[in-house]
Structures are given as structure tokens and as C-alpha cells.
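Spelled out from the first residue to the last, the chains are:
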Amino acid sequence: MNPELIDSLSAQVGANGLPYAIPIHPNLVHLTLGLFIMGIAFDIVGILFPLQKQFLKILAISATRSNFFDVGWYNMLASSIITFFTVAAGFYEIMLAKPSPELKSVWGLGAMDTMIWHGVGGVLLLAMIVGMTIWRGFQRYIFSQDKLLEVQWSYLAVGLFIMFIMYVHGTLGAQLAAEFGVHNTADALLELGKDPNVVLK
């Protein structure tokens, strides 16, 4: 990476270390998480639908099993698409990060180690989410002869495992913001001696 290019980008940044007021990556992260988790959750509801059918009738909610599988599929597809933008924004924002090298996270990692693990983890999660989407597509359109049972239990188990990896990976991202102050607008304003409540209004 060309250090002069990084310096020219750094000259145009605000209090949060970015050329825009609100970091994009954390917002896209929550969209990725929400879509992925809802995709797996609705597929679980679809699998367990016979157990809940009477309960849904009592609540006067008209739903069929295929409705839950449709929501699961489209959420997974959307998660796969948005994650490309999430990772791209993350790499752009990490290029502009200038954390203190002396600090250590509660996990005992320095800022650079945390950023590397978070970056590599983001790419691996992108690959896993895309892989899950392809697997889900095969189940929906090719494998599933029984439309009443569109997804496999193994798919759901892998989805739950990926959610655990997302939790660990998200903790690294949270440490970057909370413990190292990476692109944390309020933290940067406090260091400059400014009141973030006045500046952020």
C-alpha cells in the first residue's frame, strides 16, 4: 500500500478518522447479521412448523410452511449480497485507522493483531455466508423433492455454528471501536477536549 495515498486520504478525515460523519461498516455489519440470523431463524421455524401450527391458528396468523422457507431463502440471499459491501467498507475504513499501538484488548491482543484477525475473519465469514447461500439455493431448487421440508438439519446446524463465529468476530470489531477508539467519533472528540453532545447534534 502506498503510504502517500493513505496520507492524502487521512488529510480529508473528520473527528472519527473517516471522510464521512458516520462509519459505514458498523451499519452494514448489523444488516448482514440481521439478514443472516433471520434467514436461519425462519428456516428453523419452517422445519418446526407442524409443532407451531395450532399456536399460529390461535393467534389468527395465516401462514404456511413455504412462507417461512421463502423468508429464510430471501434473507440469506440478501445477507450474501450485502456482505460484499460490508467487507469492502470494512477494509476501506481499516486502511484509515490509526489506533494506539500501546493498548491491549481484554483478549490480550494489540490493535494491529485485532485489525488483522477482524479483517481475515470478515473475508472468511463472507465466504461462509456465500457458501451457505449457494447450499440454501441448491436445497430450494434442486435437492428438495419434498417442498414441506425444504432445508436440511445439517444446514441449520452449520448456520448456528456460523452465528457463533459471527459473535466472536463481532467482539473483535467491538474491541476495535470501544478499546482502541477506531473510528469512534465520540471518543475522538473527547480526546480533542470537545463535547460530543454539542458537536454531534
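Everything below is about the structure printed above this text.
In this report, the structure presented in the accompanying data block is examined. Treat the numbers as computed from the prediction; the structure is a model and nothing was measured.

### As for the overall build of the protein
Of the regular secondary structure elements, the protein holds 8 helices and 0 strands. Reading the helices (α) and strands (β) of the protein from amino to carboxyl end gives α-α-α-α-α-α-α-α. Considering the protein as a whole, with its 201 residues, one finds that 37% of them fall into the buried category. Here the contacts in the protein between residues at least 6 apart in sequence split such that 76% fall between residues at least 24 apart. Roughly 11600 Å² of accessible area belongs to the protein as shown, and the carbon and sulfur atoms make up 71% of that amount.

### Focus on a nonpolar patch on the surface
Taken together, the side chains of Tyr74, Leu77, Ile81, Phe84, Phe85, Ile134, Phe138, Tyr141, Ile142 and Phe143 make up a nonpolar region of the molecular surface, amounting to roughly 1000 Å² of accessible area. Along the chain, Ile134 turns up in helix H5 (residues 111-143).

### Here we look at the layout of surface pockets
Approximately 660 Å³ is the volume found for the largest pocket. Lining the largest pocket are 30 residues, and of these His25, Pro26, Val29, His118 and Gly173 sit closest to its centre. Within the residue set of the lining of the largest pocket, elements represented by two or more residues are helix H2 (24-47), helix H4 (65-95), H5 and helix H6 (153-178). Classifying every residue of the lining of the largest pocket by side-chain character gives 15 nonpolar, 14 polar and 1 charged.

### So, the environment of Thr32
Inspection of the secondary structure assignment puts Thr32 in helix H2. With 46 residues separating them in the primary sequence, Thr32 and Ala78 have C-alpha atoms 8.2 Å apart. The contacts of Thr32, once residues within four sequence positions are left out, are Ser79, Ile82, Thr83, Thr86 and Ile129.

### A closer look at the nonpolar core
In terms of nonpolar packing, the biggest core is built from 13 residues, with Phe36, Ile40, Met132 and Tyr155 touching the most fellow members. Broken down by element, this core gets its largest block of residues, 4 residues, from H6. With 6 residues, the next largest nonpolar core counts Ala97, Ala111, Met115 and Leu176 among its residues.

### Thoughts on H4
Over its 31 residues, H4 extends 45 Å from the first C-alpha to the last, a length consistent with the 45 Å expected when each residue adds 1.5 Å. Where H4 bends most, the angle comes to about 25°, and this point is Ile82.

### Quick look at the packing of aromatic side chains
Using the criterion set out here, one finds 5 aromatic pairs in the structure. Between the aromatic rings of Phe42 and Phe68, the centroid separation amounts to 6.0 Å while the plane-to-plane angle is 25°, which identifies the pairing as stacked. In this pair, Phe42 sits in helix H2 while Phe68 sits in helix H4, placing the two residues 26 residues apart along the sequence. Overall, Phe68 belongs to the buried group, its relative accessible area being 12%. Grouped by ring-pair contacts, the aromatic residues Trp73, Tyr74 and Tyr141 constitute a single cluster.

### Digging into the pattern of salt bridges
Any two side chains of opposite charge can pair if their charged atoms end up close together. Considering all chains together, one arrives at 4 salt bridges under this definition. For the salt bridge of Asp70 with Arg140, the shortest nitrogen-to-oxygen distance reads 2.9 Å. On the criterion of sequence distance, the pair formed by Asp70 in helix H4 and Arg140 in helix H5 is long-range, its members being 70 residues apart. The partner of Arg140 in a salt bridge is Glu150, with the nearest N and O atoms 3.2 Å apart. Of this pair, Arg140 sits in helix H5 while Glu150 sits in the loop between H5 and H6, and the two are 10 residues apart along the sequence. Judged on exposure class, the residue Arg140 and its partner Glu150 are both buried. One salt-bridge network, in which partners are shared between bridges, spans Asp43, Asp70, Arg136, Arg140 and Glu150.

What counts and how
- Residues numbered from 1 in each chain as written.
- Predicted model: local features only at pLDDT ≥ 70, side-chain atom pairs only at ≥ 80, totals over all residues.
- Heavy atoms only, no water.
- Helix = DSSP H or I, 4+ residues; strand = E, 2+ residues; numbered from the N terminus.
- Buried < 20%, exposed > 50% of the residue type's maximum accessible area, 1.4 Å probe, protein only.
- Contact = heavy atoms within 4.5 Å.
- Areas by Shrake-Rupley, 256 points an atom, 1.4 Å probe, with all protein chains shown as cover.
- Patch = residues over 30% accessible without salt bridge, like charges linked within 9 Å, V, L, I, M, F, W, Y side chains within 5 Å.
- Salt bridge = Lys/Arg side-chain N within 4 Å of Asp/Glu carboxyl O.
- 1 Å grid on protein atoms, 1.4 Å probe; cavity = no way out; pocket = protein on both sides within 12 Å on 5 of 7 lines; lining within 4 Å.
- Points joined across faces, edges and corners; volume = space filled by probe spheres on them.
- Nonpolar A, V, L, I, M, F, W, Y, C, P; charged D, E, K, R; others polar.
- Core = buried A, V, L, I, M, F, W, Y, C linked by side-chain atoms within 4.5 Å.
- Expected span 1.5 Å × (residues − 1).
- Bend = angle between axes of the 7 residues up to and from the residue.
- Phe/Tyr/Trp six-rings, centres within 6.5 Å; stacked < 30°, edge-to-face > 60°.

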